[in-house]
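If you want the building blocks of each chain, they are given just below.
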Amino acid sequence: MTTASRTRFSFNLRLRLLTSYLVLMLVTLGVIALALFFLIGNRAAPPQPTFERLAALTQGLNYIDAIADLAGGPNQRFLQDQVHELLAVFARTRNVRTLHILLTQEHATVIYDSARQYDPGDQIRLRGDSYRSKQLAIVLSRGSRQFFGGFNDPDGREWLYGGVVFGQQRFFAERVDHNDLWLLAEPQPTVSLHDTLAVFSSALAPPLLQAGIAGFAFAILLAALISRHIAGPLQTVAEAATAVARGDYSAQAPVSGPPEARSLATSFNRMTAEVLAANTAQRDFLSNVSHDLKTPLTSIQGYAQAIIDGAAEDTGQAAQIIYEEAGLLNRMVLELTDLERLQAGKLSMASDPIDMAQLGEAVVQSLLVVAEKQRIMLESSIEPAPTVTGDGDRLAQVLMNLISNSLKYTPAGGSVRVAVERAGAGVAVSIKDSGIGIPREELSRVFERFYQVDKARGPQRGTGLGLAIAREIVEAHGGRITVMSRGRDRGAEFRVWLPAG
């Protein structure tokens, strides 16, 4: 990746981050502004200003004290109409609603309502408020009480009231079972659109604007910091990817930055390692297959030419060698075909219950003659084990291949030991020999196609496909196959585990 490309990559990332932060910030501020606007527009106005106006109007009723006594005397009921007329005049001239309420311990009964929403004798439910006017307390006579709160008309309309119960006078001392409450009321005020806009523009718009400016500056700083924190690791991954695309499979991306970038770099490095391994395996495969094909083909061509030219001293032996080399090529083709079908999952297998102890013993017995001929001690340790579900012929092929390999690469006087035992939730079969061993650096490659640790060793050449086929068969049965060796001339151990079922 060139310097210009890195710069453009970093700039584009910073620009996208900055744009996303700004959009998010603007959307958030817009939602907050709309929410505040509608909350302000839909709420009721504070009642205190209305209570203050009603308290001031109540101070103008200095004569109400005497009116209350005249209208409330037991023999002066005829004066109530005149008193209520005065309340009606007060309501018209002050643009306020007046009510005369009779308070008892159980009820609040309407005597007069200038708005005529309540008829005389109707019950009214008054909601009290803690507001008290200091100025009104100074004006009122001793024993008087002020009341503030709200109530609802029968049609549901809300009102705020301010009122007073005057202290008892000496004119009619027998009136002690009730109190006359004189109320002044105004409709419950609401916040108008004009008021909402005024409050919003004067009180909320400047802070929101300041928050937007501060957020813009913070977004630029945050975008710069985060883009540096993220863009750097991403740039290194991009550079490593470019190197791999050019064929440099050794390129590695440094694992740094935030967790997501570290995870990306780790995955990329793992992918690169797997690509390198696959590429190496492909090259080795081509090298091995060409070598394994070249040797028998050279023999066939050489002996065939000798027969044609009449130079072969023993044509029968030459034909026998041609036949054996052709047989090797045929086995190689068949095994390679089986391997490809196994890897593609196209090779059908039986699903029968298999006694691995019995199968292992049978394979050992079939190879005893080979072991005796090579003067190798073939031992077995077979323990009862749970059955597995699978293809008996294919599993026998696995054991036959592993034991044959151990016999092939164990010199005369050595030993091969086969053990079958229960292992966890399955069965383990181990084949341990005292043969030529496997170098530790080559243990990871022994199951590759055509890979042979040392083609020159052993009494006869193989196809190099047996272990690869064995691994595919074991894995197709849900098991696993491993190999261990402490190095050259220190033997090797193959271990197969299959799940019970």
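Note that the coordinates shown come from a computational prediction; the quantities given were computed from them, not determined experimentally.

**A closer look at the overall build of the chain**
Along its length, the chain carries 12 helices and 13 strands. Out of the 501 residues in the chain, the part that is buried amounts to 39%. The long-range fraction of contacts in the chain, counting pairs at least 24 apart against all pairs at least 6 apart in sequence, stands at 66%. Total accessible area on the chain is roughly 28,100 Å²; 57% of this is exposed by carbon and sulfur atoms.

**Examining helix α9 (residues 356-366)**
Listed in full, the buried residues belonging to α9 are M356, A357, L359, G360, V363 and V364. For α9, the angular spread of the buried residues around the axis is 165 degrees, confining them to a single face. For α9, the capping residue at the N-terminal end is D355, with a side-chain oxygen 3.1 Å from the backbone nitrogen of A357.

**With respect to the environment of V237**
Mapping V237 onto the fold places it in helix α6 (residues 193-245). When the C-alpha positions of V237 and A261 are compared, they lie 8.9 Å apart, and in sequence the two are 24 residues distant. Setting aside residues no more than four positions away along its own chain, V237 makes contact with A253, L264, A265 and F268.

**Quick notes on the pattern of salt bridges**
For the structure on display, the rule yields four salt bridges. Among the ionic pairs, D153 bridges to R97, the shortest N-O distance being 2.9 Å. With D153 in the loop between β4 (145-152) and β5 (158-165) and R97 in strand β1 (residues 97-103), this pair connects stretches of sequence that are 56 residues apart. The class of D153 is buried, set by a relative accessible area of 5%. Each of R97, D113 and D153 takes part in salt bridges that share partners, so that together they form one network.

**Focus: the packing of aromatic side chains**
Per the counting criterion, the structure on display carries five aromatic pairs. On the basis of an interplanar angle of 90 degrees and a centroid distance of 6.2 Å, the ring pair of F447 and F494 is categorised as edge-to-face. Of this pair, F447 sits in the loop between β11 (426-433) and α12 (466-476) while F494 sits in strand β13 (residues 492-499), and the two are 47 residues apart along the sequence. By the burial criterion, F447 is buried, and F494 matches it. By way of ring pairs, the aromatic residues F51, Y131 and F148 are connected into one cluster. Here the basic side chain of R97 rests over the ring of W159, its NZ or CZ set 4.5 Å away from the ring centre. In this arrangement the basic side chain of R480 is found over the ring face of W497, its NZ or CZ atom lying 4.5 Å from the centre.

Cut-offs used in this document
- Residues numbered from 1 in each chain as written.
- Predicted model: local features only at pLDDT ≥ 70, side-chain atom pairs only at ≥ 80, totals over all residues.
- Heavy atoms only, no water.
- Helix = DSSP H or I, 4+ residues; strand = E, 2+ residues; numbered from the N terminus.
- Buried < 20%, exposed > 50% of the residue type's maximum accessible area, 1.4 Å probe, protein only.
- Contact = heavy atoms within 4.5 Å.
- Areas by Shrake-Rupley, 256 points an atom, 1.4 Å probe, with all protein chains shown as cover.
- Arc of directions from axis to C-beta.
- Polar contact = N/O pair within 3.5 Å; in protein donor to acceptor, adjacent residues only side chain to side chain.
- Salt bridge = Lys/Arg side-chain N within 4 Å of Asp/Glu carboxyl O.
- Phe/Tyr/Trp six-rings, centres within 6.5 Å; stacked < 30°, edge-to-face > 60°.
- Lys NZ or Arg CZ within 6 Å of the ring centre and 35° of its normal.

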